[in-house]
Amino acid sequence: MVSINQLYLIFSDRRIFPRRRIDPYIKAISVKAYTLGLSLAQVREFLKERGYNVSREAIRKCFLKAGELLSNNKIKKKRGFIAADETIIFNLTKKDIYGLLEK
């Protein structure tokens, strides 16, 4: 689980977010509230009650950007090796046998 402080550090990085139309702390709070189960409209109303006018689309974009930055995209999928024979095709990564045997 990611804390608000970790999200604040992500959103306050000027290399990733050069423009600051929304305060990084507000972005962090909105992403955290959205991950805790509030809808985009509920998060918007929550922030509006506190005097911050943020659109649902801005909250959604912050959430997606935080997800990109926090995910581990460096892991590549392992490609399967397929050995073909005249009668049977083996997929060695899934360990499945696709039989093309004559009946």
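One can find the structure itself at the top, above this paragraph.
We now turn to the structure provided with this report. (Residues numbered from 1 in each chain as written. Predicted model: local features only at pLDDT ≥ 70, side-chain atom pairs only at ≥ 80, totals over all residues. Heavy atoms only, no water.)

1. Focus: helix α3 (residues 40-49)
Residues Leu-40, Val-43 and Leu-47 constitute the buried set of α3. Looking straight down α3, one finds that the buried residues subtend no more than 65° of arc, so they occupy a single side. Residues of α3 that are buried in the fold lie against α2 (24-35) and α4 (56-70). Residue Gly-51 follows α3 closely and has a positive phi angle near 95°. (Buried < 20%, exposed > 50% of the residue type's maximum accessible area, 1.4 Å probe, protein only. Helix = DSSP H or I, 4+ residues; strand = E, 2+ residues; numbered from the N terminus. Arc of directions from axis to C-beta. Contact = heavy atoms within 4.5 Å.)

2. A word on the nonpolar core
Among the nonpolar cores identified, the biggest contains nine residues, and these are Ile-26, Ile-29, Ala-33, Leu-40, Val-43, Leu-47, Val-54, Ala-58 and Ile-59. Those elements that provide at least two residues to this core are α2, α3 and α4. Apart from residues no more than four positions distant in its own chain, Ala-33 is found in contact with Leu-38 and Val-43. Counting eight residues, the second largest nonpolar core, distinct from the first, contains Phe-11, Phe-17, Ala-28 and Ala-66. (Core = buried A, V, L, I, M, F, W, Y, C linked by side-chain atoms within 4.5 Å.)

3. Focus: the packing of aromatic side chains
All told, the structure shown has three aromatic pairs when counted by the stated rule. For the pair Tyr-34 and Phe-63, a centre-to-centre distance of 4.8 Å together with 80° between the ring planes defines the contact as edge-to-face. Linking Tyr-34 in helix α2 with Phe-63 in helix α4, this pair joins segments that are 29 residues apart in sequence. Classification of Tyr-34 as partly exposed rests on a relative accessible area of 27%. (Phe/Tyr/Trp six-rings, centres within 6.5 Å; stacked < 30°, edge-to-face > 60°.)

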